[in-house]
Amino acid sequence: MHRTKHRKKTLILLAFVLPALLFYAVFMLVPAIGGAWYSFTDWNGLNPTYNWVGFSNYVEALTQDSFFVDSVWFTLKYVIAMVVLQNVLAVFLAVLIESRGRSKGWFRTIFFMPNMISMIIGGFMWLFIFTKALPYIAEHAGMLFLDRSWIGDPTYSFYAIVIVSLWGGVGYLMVIYIASLQGVAQSLKEAAAIDGANGWQIFRNITLPMIYPAVTIGIFVTLNNSFKAFDAVFALTGGGPGRSTQVIALNIFEEAFKMSGRYGYASAKAMILFLVVLIITLVQLRIMKRKEVEA
């Protein structure tokens, strides 16, 4: 009787999960498996016939395609900047907002609002700011440091991309850290304060160790999103000037849809990106989980 009841409960739960599982399988798993298969072929996306080329696409991407290698290095630089800055800013904002009184709800809404806007639209908004608004402010307000070639200079283009990405992503992580901070017992902080600990010591020795699970999630989310960065770069610079700000996803997109239509070759690049993200994510999760246990 108990076994029958348990089985019925399991079937009910599976019935609720089934629509989402089917949607995920059809639109995520099947294309992913297809992409892995086509990465070993010379398929052009249209011709029903194609040839098996083995690992030649992978060898070409890693040894002969200088544009792809450059996009990998640029993406790594972008990922490092985003992982550090986005999580530090998110924790700072979460702590600052949680220290507020009645106004904390307003601040949460303000900083989370960019997540409600598509990054393509946000990117075009910031394109106007960088090319029109900032030069105007620099000219009429005397803030000459704002008068830079934010889109035309590769150095400043990188800063522009980071700024827009932080604007669009910090609010989401901030909410995660706020939820984690609310689980830290106030009595522990009060006891530490009575013992003479200052604000930084309380944060470092009590608050931070207790929010390590949220830090693990935050770094995981940032790594995943940063390696797949596309929309902000596409809207701001399109990978330019030249290809100096081209991320991996944009390089794959142009290889498949804008250049020679080499879908099999583009699929091989996508698989390389997937493997890089998988390896780095597994290492990061292993290290952070160990930190959580130690804390």
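Structural data are supplied above this passage.
All of these numbers come straight from a predicted model, not from anything done at the bench. (Residues numbered from 1 in each chain as written. Predicted model: local features only at pLDDT ≥ 70, side-chain atom pairs only at ≥ 80, totals over all residues. Heavy atoms only, no water.)

Student: I'd love a proper account of the overall build of the protein, names of residues and values included.
Tutor: The helix and strand inventory of the protein stands at 12 helices and zero strands. Overall, the protein shows an N-to-C arrangement of helices and strands of α-α-α-α-α-α-α-α-α-α-α-α. With respect to the principal axes defined by its C-alpha atoms, the protein has extents near 80 × 75 × 30 Å. Counting every position in the protein, which comprises 295 residues, the buried fraction comes to 36%. Long-range contacts, defined here as pairs at least 24 residues apart, represent 68% of the contacts in the protein between residues at least 6 apart. Looking at the protein as shown, the accessible area adds up to about 18000 Å², and 69% of this sits on carbon and sulfur atoms. Positive and negative side-chain charges of the protein, numbering 23 and 15 respectively, have mean locations separated by a distance of 14 Å. (Helix = DSSP H or I, 4+ residues; strand = E, 2+ residues; numbered from the N terminus. Buried < 20%, exposed > 50% of the residue type's maximum accessible area, 1.4 Å probe, protein only. Contact = heavy atoms within 4.5 Å. Areas by Shrake-Rupley, 256 points an atom, 1.4 Å probe, with all protein chains shown as cover. Lys, Arg positive; Asp, Glu negative; His and termini not counted. Charge placed at Lys NZ, Arg CZ, Asp CG, Glu CD.)

Student: Go over the packing of helix α3 (residues 66-98) against helix α4 (residues 104-112), please, and point to the residues and values.
Tutor: Closest axis-to-axis distance for the α3/α4 pair is 9 Å, and the angle between their directions is 155 degrees. In terms of axis orientation, α3 runs roughly antiparallel to α4. Mapping the contact onto sequence places L93, I97 and E98 in α3 and K104, F107, R108 and F111 in α4. (Axes fitted to C-alpha atoms, helices over the stretch in contact; angles between N-to-C directions. Parallel < 35°, antiparallel > 145°, perpendicular 65-115°, else oblique.)

Student: Mind laying out helix α8 (residues 199-210), listing which residues take part and the relevant values?
Tutor: Helix length check: α8, at 12 residues, gives a terminal C-alpha distance of 15 Å against a target of 16 Å (1.5 Å per residue), a fit within 8%. Regarding α8, the residues found buried are I202, F203, I206 and T207. Mapping the buried residues of α8 onto a view down its axis gives an arc of 125 degrees, with all of them on the same face. Away from its buried face, by an angle of more than 90 degrees, α8 presents the exposed residues W200, R204 and N205. Buried residues belonging to α8 abut α3, α6 (154-181) and α7 (186-194). (Expected span 1.5 Å × (residues − 1). Arc of directions from axis to C-beta.)

Student: So what's going on with the nonpolar core? Residues and values would help.
Tutor: If you look at the biggest cluster of nonpolar residues, it comprises 61 residues, and the most contacted ones within it are Y78, F130, V162, V164, Y177 and L236. Listing elements by their share of this core, those giving two or more residues are α2 (56-63), α3, α5 (119-141), α6, α9 (212-227), α10 (231-236), α11 (248-258) and α12 (263-294). Ignoring sequence-local partners within four residues, the contact set of Y177 consists of N87, A90, V91, A94, A214, V215 and G218. (Core = buried A, V, L, I, M, F, W, Y, C linked by side-chain atoms within 4.5 Å.)

Student: Explain the pattern of salt bridges residue by residue, including any values.
Tutor: Side chains carrying opposite charge are able to pair once their charged atoms draw close together. In total, this model carries five salt bridges according to the counting rule given. Among the ionic pairs, R262 bridges to E60, the shortest N-O distance being 3.0 Å. Taken together, the residues span a long stretch of sequence, with R262 in the loop between α11 and α12 and E60 in helix α2 at a distance of 202 residues. Members of the salt-bridge network, linked through shared partners, are D65, E255 and K269. (Salt bridge = Lys/Arg side-chain N within 4 Å of Asp/Glu carboxyl O.)

Student: Could you give an account of the side chain of N87, with specific residues and numbers?
Tutor: Along the polypeptide, N87 turns up in helix α3. A distance of 2.7 Å separates the side chain of N87 from the side chain of Y177, its partner in a polar contact. Setting aside anything within four residues of it in sequence, one finds N87 in contact with M82, L173, Y177, G218, I219 and T222. (Polar contact = N/O pair within 3.5 Å; in protein donor to acceptor, adjacent residues only side chain to side chain.)

Student: Pulling in residues and values, what's your account of a nonpolar patch on the surface?
Tutor: Taken together, the side chains of F23, Y24, V26, F27, M28, L29 and I33 define a hydrophobic patch exposed on the protein surface, amounting to about 760 Å² of accessible area. Locating L29 in the fold gives a position in helix α1 (residues 2-38). You can call L29 partly exposed: its relative accessible area is 39%. (Patch = residues over 30% accessible without salt bridge, like charges linked within 9 Å, V, L, I, M, F, W, Y side chains within 5 Å.)

Student: An account of the packing of α3 against α9 is requested, with residue identities and associated values reported.
Tutor: Remark: α3 packs on α9, axes separated minimally by 9 Å, with the N-to-C direction vectors making an angle of 150 degrees. Crossing of α3 against α9: the hand is right-handed. Along the contact surface, α3 presents T75, L76, Y78, V79, M82, V83, Q86 and N87, while α9 presents G218, I219, T222, L223, S226 and F227. (Left-handed = near helix turned anticlockwise from the far one by under 90°.)

Student: Tell me what's going on with the layout of surface pockets, and back it up with residues and numbers.
Tutor: Roughly 1000 Å³ of internal volume is contained in the largest pocket. Lining the largest pocket are 27 residues, and of these A32, K228, A270, L273 and F274 sit closest to its centre. Taken together, the elements giving at least two residues each to the lining of the largest pocket come down to α1, α9, α11 and α12. In terms of residue count, α12 provides more of the lining of the largest pocket than any other element does, 10 residues in total. Of the residues that constitute the lining of the largest pocket, the class distribution is 22 nonpolar, four polar and one charged. (1 Å grid on protein atoms, 1.4 Å probe; cavity = no way out; pocket = protein on both sides within 12 Å on 5 of 7 lines; lining within 4 Å. Points joined across faces, edges and corners; volume = space filled by probe spheres on them. Nonpolar A, V, L, I, M, F, W, Y, C, P; charged D, E, K, R; others polar.)

Student: Can you lay out the packing of aromatic side chains for me, pointing to particular residues and giving the numbers?
Tutor: Under the defined criterion, the tally for this structure stands at 22 aromatic pairs. Measuring from ring centre to ring centre gives 6.2 Å for Y156 and Y159, while their planes differ by 70 degrees; the resulting arrangement is edge-to-face. Of the two residues, Y156 and Y159 are both situated in helix α6; the distance of three residues between them amounts to about one turn of the helix. An aromatic cluster is present here, built from Y38, W43, Y50, F230, F234, F253, F257 and Y263 joined pairwise through their rings. Stacked on the ring of F158, the Lys or Arg K77 has its end atom at 4.4 Å from the ring centre. For R262, the ring lying beneath its charged end belongs to Y265, and the centroid distance is 4.2 Å. (Phe/Tyr/Trp six-rings, centres within 6.5 Å; stacked < 30°, edge-to-face > 60°. Lys NZ or Arg CZ within 6 Å of the ring centre and 35° of its normal.)

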